[in-house]
Structures are given as structure tokens and as C-alpha cells.
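As a plain string of letters, each chain reads:
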Amino acid sequence: MSAATLRAAIAAPAPAWGLSAAQIGRAATLALHDELALAPKPGLVSFVDSGSHDDMDAHTFMRSLFSLRRYFVRMAELGAAQVPFAELERSGIAAEARMLAATGGINTHRGAIFVLGLLCAATGAAQALDGRRDADAVREHLRRHWGGALDARSQRAPTLPGGIAARRHGLRSASQEAALGFPVLFETALPAWDDARRRGLSAQQVRLDCFFSILAVLDDSNLAHRGGLEGLHFARRAARAFIEQGGAGQPGAPAAAWSLHRDFVARHLSPGGCADLLAAACFLRRVAREP
Ligand SMILES: CC(C)(COP(=O)(O)OP(=O)(O)OC[C@H]1O[C@@H](n2cnc3c(N)ncnc32)[C@H](O[C@H]2O[C@H](COP(=O)(O)OP(=O)(O)OP(=O)(O)O)[C@@H](O)[C@H]2O)[C@@H]1O)[C@@H](O)C(=O)NCCC(=O)NCCS
Ligand SMILES: Nc1ncnc2[nH]cnc12
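Nothing here was measured: the structure is a model prediction, and the numbers come from that model.

Thresholds, definitions, all that
Residues numbered from 1 in each chain as written. Chains lettered and ligands numbered in written order. Predicted model: local features only at pLDDT ≥ 70, side-chain atom pairs only at ≥ 80, totals over all residues. Helix = DSSP H or I, 4+ residues; strand = E, 2+ residues; numbered from the N terminus. Rg over C-alpha atoms; globule rule 2.2 N^0.38 Å. Buried ≥ 20, exposed ≤ 12 C-beta atoms within 10 Å, placed from the backbone. Contact = placed C-beta atoms within 7 Å. Near = placed C-beta within 6 Å. Nonpolar A, V, L, I, M, F, W, Y, C, P; charged D, E, K, R; others polar. Axes fitted to C-alpha atoms, helices over the stretch in contact; angles between N-to-C directions. Parallel < 35°, antiparallel > 145°, perpendicular 65-115°, else oblique. Core = buried A, V, L, I, M, F, W, Y, C linked by C-beta atoms within 7 Å. Left-handed = near helix turned anticlockwise from the far one by under 90°. Expected span 1.5 Å × (residues − 1). pLDDT = per-residue confidence, 0-100.

Colleague: Sorry if this is basic, but what is going on with the overall build of the protein here?
Modeller: The secondary structure content of the protein amounts to 14 helices and zero strands. Shown N-terminal to C-terminal, the secondary structure of the protein runs as helices and strands in the order α-α-α-α-α-α-α-α-α-α-α-α-α-α. The C-alpha atoms of the protein give 18 Å as radius of gyration, which agrees with the globular expectation for 291 residues (19 Å, within 12%). Along the longest, intermediate and shortest principal axes, the C-alpha atoms of the protein span 55 × 40 × 35 Å. A buried classification covers 48% of the 291 residues belonging to the protein. Long-range pairs, those at least 24 residues apart, make up 75% of the contacts in the protein with a sequence separation of at least 6.

Colleague: What's the story with the site of ligand 2 in this structure? I'm lost.
Modeller: Surveying the vicinity of ligand 2 reveals the residues Glu35, Leu36, Leu44, Val45, Gly51, His53, Ala112, Ser270, Gly272, Ala275 and Asp276. Mapped onto the shell around ligand 2, the elements with two or more residues apiece are helix 2 (21–37) and helix 14 (272–287). When residues in the shell around ligand 2 are grouped by element, the largest group, three residues, is from helix 14. Looking at the shell around ligand 2 residue by residue, the classes come out as five nonpolar, four polar and two charged.

Colleague: Explain the site of ligand 1 to me, please; I cannot follow it from the model alone.
Modeller: Among the 36 residues in the neighbourhood of ligand 1, the closest are listed as Gly92, Gly111, Gly163, Gly272 and Gly273. Those elements giving two or more residues to the shell around ligand 1 turn out to be helix 5 (85–103), helix 6 (110–130), helix 8 (161–168), helix 9 (174–179), helix 12 (221–244) and helix 14. Per-element tally for the shell around ligand 1: the top contributor is helix 6, with seven residues. Here the residues of the shell around ligand 1 sort into 12 nonpolar, 15 polar and nine charged.

Colleague: I tried to follow the packing of helix 2 against helix 3 (residues 58–67) on my own but got confused; where do I start?
Modeller: To describe two helices that pack against each other, one gives the angle between their axes and the distance between the axes. Running from N to C, helix 2 and helix 3 cross one another at 170 degrees; their axes reach a closest spacing of 10 Å. Looking at the two axes, helix 2 sits roughly antiparallel to helix 3. Along the contact surface, helix 2 presents Thr29, Leu32, His33 and Leu36, while helix 3 presents Ala58, Phe61 and Leu65.

Colleague: Help me understand the environment of Arg144, please; the structure alone is not making it clear to me.
Modeller: Mapping Arg144 onto the fold places it in helix 7 (residues 135–155). Arg144 sits in the partly exposed class, given 14 other C-beta atoms within 10 Å. Sequence separation between Arg144 and Pro183 is 39 residues; the distance between their C-alpha atoms is 15 Å.

Colleague: Explain unusual backbone geometry here, please?
Modeller: Backbone geometry follows two general trends: most residues other than glycine have a negative phi, and most peptide bonds adopt the trans configuration. With an omega of 0 degrees, the peptide bond between Ala39 and Pro40 qualifies as cis. With respect to the helices and strands, Pro40 occurs in the loop between helix 2 and helix 3. In this model, Phe182 sits at a positive phi of 50 degrees, which is unusual for a non-glycine residue. Tracing the backbone through its elements, the reader meets Phe182 in the loop between helix 9 and helix 10 (183–198). The class of Phe182 is buried, set by 26 C-beta atoms lying within 10 Å. Of note, the phi angle at His268 is positive, near 60 degrees, even though the residue is not glycine. Tracing the sequence through the fold places His268 in the loop between helix 13 (253–266) and helix 14.

Colleague: Just checking my understanding: could you explain the nonpolar core for this structure?
Modeller: One recurring pattern in soluble globular proteins is that nonpolar side chains are buried together. Among the nonpolar cores identified, the biggest contains 90 residues, and Leu116, Leu277, Ala281 and Phe283 are the most heavily contacted of them. In terms of residues, this core owes the most to one element, helix 6, which gives 13 residues. When near neighbours in sequence (up to four residues on either side) are disregarded, Leu277 contacts Val115, Val184, Leu185, Ala189, Ile214 and Leu218.

Colleague: Quick question: what am I supposed to make of the packing of helix 10 against helix 11 (residues 203–215) here?
Modeller: Closest axis-to-axis distance for the helix 10/helix 11 pair is 8 Å, and the angle between their directions is 145 degrees. Here helix 10 and helix 11 pass one another in a crossing that is right-handed. In this structure, helix 10 contributes Val184, Thr188, Ala189, Ala192, Trp193, Ala196 and Arg197 to the contact, and helix 11 contributes Gln205, Val206, Asp209, Cys210, Ser213 and Ile214. Considered class by class, the residues forming the contact of helix 10 with helix 11 number eight nonpolar, three polar and two charged.

Colleague: Looking at this structure, how should I read helix 4 (residues 69–80)?
Modeller: Every α-helix winds through 3.6 residues per turn, so residues three or four apart in the chain are directed the same way. For helix 4, which comprises 12 residues, the first-to-last C-alpha distance of 17 Å matches the rise-based estimate of 16 Å (1.5 Å per residue) to within 8%. Summarising burial for helix 4: 10 of the 12 residues are buried, a large majority. Among the residues of helix 4, those classed as buried are Tyr71, Phe72, Val73, Arg74, Met75, Ala76, Glu77, Leu78, Gly79 and Ala80. Two residues or fewer past helix 4, Gln82 is found with a positive phi of approximately 50 degrees.

Colleague: Teacher, can you tell me more about the environment of Gly43 here?
Modeller: Within the secondary structure, Gly43 is located in the loop between helix 2 and helix 3. C-alpha of Gly43 to C-alpha of His261: the two residues are 218 residues apart in sequence and 5.4 Å apart in space. If we skip the residues at most four places from it in the chain, Gly43 touches Gly51, Ser52, His261, Phe264, Val265, Leu269, Ser270 and Pro271.

Colleague: Looking at this structure, I do not really get the confidence of the model for the protein. What am I missing?
Modeller: Caution is warranted with low-pLDDT regions, since their predicted coordinates should not be read in detail. A residue-level look at the protein finds 93% of positions with pLDDT of 70 or above and a mean pLDDT of 93. Counted against residues more than four places away or in other chains, residues 9–16, with its pLDDT under 50, gives eight contacts. The ipTM, which scores confidence in the relative placement of chains, is 0.94 for this predicted complex, and the corresponding pTM is 0.94.

This is the structure in C-alpha cells:
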């Protein structure tokens, strides 16, 4: 794609009923903040504590999040221009470098750069081509424009600890999840979100239920890397039990969730992939203009 075509796509105003690339990017940044602000999330960093991490805290995440603001806008612009996957990948790799510079070399958002970056691109495309931004349209456009490339990307040998652990244990890595069109996000997390809303739960409770629905099923490669299959299965069992007992709406939910947080910290478990998919669900609901 020529620079002139790209410039024209970027300069094109958003349709009156739609979101601009800047608004799509802003929704992604806010979604990362939604995720960080949810507490407790077993083993993960929030504004309350650092969970299973001794090298980072909420400030590290805030620095990371600020460094990514332009990136998400750019991905929405690139998506609207339906660029080849290689261009998205270049932009993602540059964003990773900015994240590492902002955090002093700590990996806060590598998975989110990948997942939310792709969703910003797909939202940009859905908006530009169909004037739509609902979750079905976003998934459809992700598959239509970049599904083949994501499939090829997922066959590459993994180089990072999570991806290597996923392959060793026969699990679905982040890139395989993407190649399948993020089934856990679209078929588990969003329905759990909608169900929690129908039950009248608060915004925080909706996010907590959504998070546990993801934890119950995702092949989170961070859990596999840190805790092996035993750690992954422990996390899933704990999430299923929390949901079966009534989830975030049960009277003792906060105490139960904090108790799980302490269990995860004791085992040094950190479901970073689940955190990213929660942020992705927050993003999709934000761009669809739901609270
Ligand atoms: C394409 C890549 C994403 C790599 O692909 P691969 O398939 O090999 O990925 P994984 O290693 O499985 O996962 C990468 C990160 O994605 C999150 N994640 C984990 N499992 C899943 C899953 N099943 N589905 C979706 N997402 C998943 C997770 O990221 C989060 O956790 C990270 C923090 O973990 P933490 O344990 O604290 O820290 P580490 O330093 O990793 O280890 P230790 O401290 O334990 O020693 C944090 O990043 C969260 O966001 C996985 O880590 C990609 O890496 C790649 O190639 N990137 C280049 C850019 C690019 O290609 N972009 C494409 C266009 S957007
Ligand atoms: N809140 C969080 N804590 C730890 N790892 C994460 N990866 C993404 N979000 C995270």
C-alpha cells in the first residue's frame, strides 16, 4: 500500500455514526485501565497490590499504558486502510519496544499489544467498510482481513517462555487463540459479561465474573510457564468453583476472590493472558458504547 493511500485513509473523517481512529484507540487505553483497576484479580497487579510480581506494580502498568496510546490509534488507522498483516506486525513490534523502554525492560503488556492491537485494527476495518463496531463485526473483519496471516503466524516456532510452555504441554498459545478468532473472548467472556449484566450486577462485578469465566477455560501460557499443567489446572478449578458458588453476585464474593488472590500469590501464579482478554472484553463493550 502506498504512503499516499495510507495518508488518505488516515485523513478520511469517520462516518457521522461511527468512531474515529482516535476514539477506538482511546477505548483500548481505557480498557487497559479498566483491567488494571479491577481488584482482586488472582495473582495479578492492581492498584491495591502487585500480586505474584516483585518486579512491577500499578505505576509500571500506568507507564506502559501511556506509552501505548498512540499505538492503538495507529492500529485503528492501519486497520481502516486494511493493510497487510506484516504492517500490523511491524507496528506491534515497535510498540513492544516502546513498552519496554517505558517500563525499564519489564514485560507488562506484550500480550495486550497483540490482542488489543488486532482488535483496534479489526474495529477500524469494520467501521470503515461497514459502519459497524459491534463484536460480531469486529470478529468478522479480523478473520476476513488477517485470518490467513494469523494462521501462518501461529505455526511459527515459539520463542518466548509462555509460547514454549504452551507448545510443550499441547496448549493453545496466544497466537493460536488469535488464529481461531479468539473463541474464548467471543464465545465465553462476552456471553458471561452479558449474563452478569442481565443479573443486574455492578460494573466491577460484571468484570469480575467475566474475568473468572476466562480463567476457567483459557490456555493461559503464563500459568503454564510459571506453574506447569498443575498450576493451570489449579487455576481453572478455582475459577469454576467461584462461578458455581454464584460468582461475583454471591454474598461472600469479595472475601472468596481475595482468598483466591492469596492462594495464587502463594503459588507464584499470574494469569496475564486472562488479564489481556478481560481488557479485550472491556474494549469491545466500550466501542459498542455499553458501560
Ligand atoms: C505473537 C506474540 C503474542 C507471541 O506469540 P505466542 O503465541 O508465542 O505467545 P504466548 O507466549 O503464548 O503469549 C504471549 C502473551 O500473550 C498473553 N497470553 C498468554 N496466554 C494467552 C492466551 N491463551 N491467549 C491470549 N493471550 C495470552 C500473555 O501476556 C500477558 O502476560 C504477560 C506478563 O506475563 P509475566 O508472567 O508477568 O511476565 P513474563 O516476563 O512473560 O515472564 P515471567 O515474569 O513469568 O518470567 C504480559 O505480556 C501480558 O500481556 C503472554 O505473555 C508476541 O509476543 C509477538 O510476537 N509480538 C510481536 C508483536 C506482534 O507480532 N504483533 C502482531 C500484531 S499486533
Ligand atoms: N494486571 C496485570 N498483572 C500482571 N500481569 C498482567 N498482564 C496484563 N495485565 C496484568
